[in-house]
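Residue-level structure breakdown
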Amino acid sequence: DACFGRVPASFQLTAALDVPPFDNSSMDGYALRAADTPGRLLLVGEVAAGAGTLPDVVPGTAARIMTGAPMPPGADAIAPIEVVEEAEAEVVVPATEPGAFVRRAGHDTRAGEMVTLPEEPLTAATLGLLASLGLGELAVRRRPRVAILSTGNELRPPGAPLAAGQIHDANGIALAAAITEAGGEPVPLERTPDDAARIEQQVMRGAAEADLLVASGGVSVGRHDLVRDVIGRLGALDFWRIRMQPGKPLAFGAVRGVPVLGLPGNPVSALVTFELFARPLMRRMLGLSGGGRLTLPAVAHERMPKDQERRAYLRVRLARGTDGLEARPAGGQASSQLRPMASANALLVVPEGEPAAEAGRTYDALLLGAIG
Ligand code: AMP
Ligand code: MG
């Protein structure tokens, strides 16, 4: 269970055993010889799941058998309990085909066979599969360590009282959860004010301790936006600003070989840019590809205006309509509005160059949650 959500070190393995390991019954019923049916057979015993010693099913006989119990020697078919009449020590059995309701050893997997696992974090089904193959241990990839830095003079920890002008740090917590969800290990740094020296100190710590650093705030054009300069000074800035809404001031660079993403401070921008940039990057570090989310076509239920110049990721709720999925705004589309982000189950992708998502038109929707 410690492996749940982890990424296997290898997606290929060789089965050591047949699964199932022996011929067994897929029904509660009677094990018999098909050649004896239809007919009246003498009951010679009972085989439960897990039984080690088995009765011999000689011609003219049958043995009671339970689902998953091994086929007794001599028997080649199962007659389910529902079609058999049992009286005294005998059973009356209709015509039964050889092999009926018998699960052959190795019918799921043969010993020596190559088993390919899905290239995704381990799910319940994959863990069940690995257990059925007899694995008690599995080598998994290390989780990428992702340092989180919240910057801003105004920030106070959640739960703390606020003085004039202050707000609670929402990004620190939200990004930690997003990192965990993406298969990483969050490494919280010390929240800093808009102070270059303090930011530098934390960025250096992040670069020393983590595989990726995600900062939020301080990447825009204000006089107190210092994160970008710090990245440039301590390392190199690869790009700044991107034509998307929300998230325009995104900055990306590296310090001491560790990639650094400077996310915008507005909480919706921070989460959406994390989704589009940090998540795929973390998946690459884990040996996975893509963003790990489903994209589905969805029809805009109503007109949703956006910035003409930028590609928009509108916070929407998808629901099944008469002609497939319909997208309705989850609320206001300001990048400071977390409530619609929290209730959105998708981001509707509306291309740059268009002034709005138009009612009735189909767009890609990046699925974030379940569709009710
Ligand atoms: P900035 O990117 O620093 O210009 O911040 C943009 C907006 O996001 C401002 O209104 C900030 O107060 C807000 N903000 C910045 N960091 C956070 C944070 N960690 N949690 C919540 N809001 C934030
Ligand atoms: Mg700021």
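Conventions used here
- Residues numbered from 1 in each chain as written.
- Chains lettered and ligands numbered in written order.
- Predicted model: local features only at pLDDT ≥ 70, side-chain atom pairs only at ≥ 80, totals over all residues.
- Heavy atoms only, no water.
- Phe/Tyr/Trp six-rings, centres within 6.5 Å; stacked < 30°, edge-to-face > 60°.
- Helix = DSSP H or I, 4+ residues; strand = E, 2+ residues; numbered from the N terminus.
- Lys NZ or Arg CZ within 6 Å of the ring centre and 35° of its normal.
- Pairing = 2+ DSSP bridges.
- Axes fitted to C-alpha atoms, helices over the stretch in contact; angles between N-to-C directions.
- Contact = heavy atoms within 4.5 Å.
- Core = buried A, V, L, I, M, F, W, Y, C linked by side-chain atoms within 4.5 Å.
- Buried < 20%, exposed > 50% of the residue type's maximum accessible area, 1.4 Å probe, protein only.
- Polar contact = N/O pair within 3.5 Å; in protein donor to acceptor, adjacent residues only side chain to side chain.
- Near = heavy atom within 4 Å.
- Areas by Shrake-Rupley, 256 points an atom, 1.4 Å probe, with all protein chains shown as cover.
- Nonpolar A, V, L, I, M, F, W, Y, C, P; charged D, E, K, R; others polar.

Inspection of the entire model under this criterion finds two aromatic pairs. Where F239 meets F277, the ring centres are 6.4 Å apart and the plane angle is 55°; that geometry is what we call tilted. Of the two residues, F239 sits in strand β16 (residues 236-240) while F277 sits in helix α5 (residues 267-285), which places them 38 residues apart along the sequence. Above the plane of the ring of W240 lies R228, whose end atom (NZ or CZ) is 3.6 Å from the centre. We note R241 situated over the ring of W240; from NZ or CZ to the ring centre the distance is 4.3 Å.

What follows concerns the sheet that holds β16. Through backbone hydrogen bonds, the strands of a sheet pair up, either in parallel or in antiparallel fashion. On the basis of which strands lie adjacent, the open sheet formed by six strands has the order β14-β11-β15-β19-β18-β16 and mixed pairing. Lying at the two open borders of the sheet, with one neighbouring strand each, are β14 (185-188) and β16. Ignoring which end each strand starts from, the neighbouring axes of this sheet average 25° apart. Inspection of the sheet shows strand β11 (residues 145-150) paired to strand β15 (residues 212-216) by five bridges, in the parallel sense. Each residue of the ladder has a partner; that of V146, found in β15, is L212. Strands β11, β14, β15, β18 (251-255) and β19 (258-263) of the sheet are contacted by helix α3 (residues 196-209), whose axis makes an angle of about 170° with β11.

Of all hydrophobic cores here, the largest spans 24 residues; its most connected members are L175, L263, V272, F274 and M282. Secondary-structure elements contributing two or more residues to this core are β11, α2 (171-181), β15, β19, α5 and β24 (346-350). The greatest single-element share of this core, amounting to seven residues, is contributed by α5. Core analysis: the second largest hydrophobic core is formed by 19 residues, A147, I231, V255 and V258 among them.

A few words on the side chain of R310. By secondary structure assignment, the location of R310 is in the loop between β21 (304-305) and β22 (311-321). Only 2.8 Å separates the side chain of R310 from the backbone oxygen of M244, close enough to count as a polar contact. A distance of 2.7 Å separates polar atoms of two side chains, one belonging to R310 and the other to D307. Each residue touching R310, except ones within four places of it in the same chain, is listed here: R243, M244, Q245, K248, V350, P351 and E352.

The immediate surroundings of ligand 1 are formed by 15 residues, with E154, D169, A170, G218 and G265 found nearest. A distance of 2.9 Å is found between an oxygen atom of ligand 1 and a backbone nitrogen or oxygen belonging to G265. Between ligand 1 and N266 there is a distance of 3.1 Å, counted from an oxygen atom to a backbone nitrogen or oxygen. Coverage of ligand 1 by the protein chains reaches 77% of its 480 Å² of free accessible surface. The residue inventory of the shell around ligand 1, partitioned by class, reads four nonpolar, eight polar and three charged.

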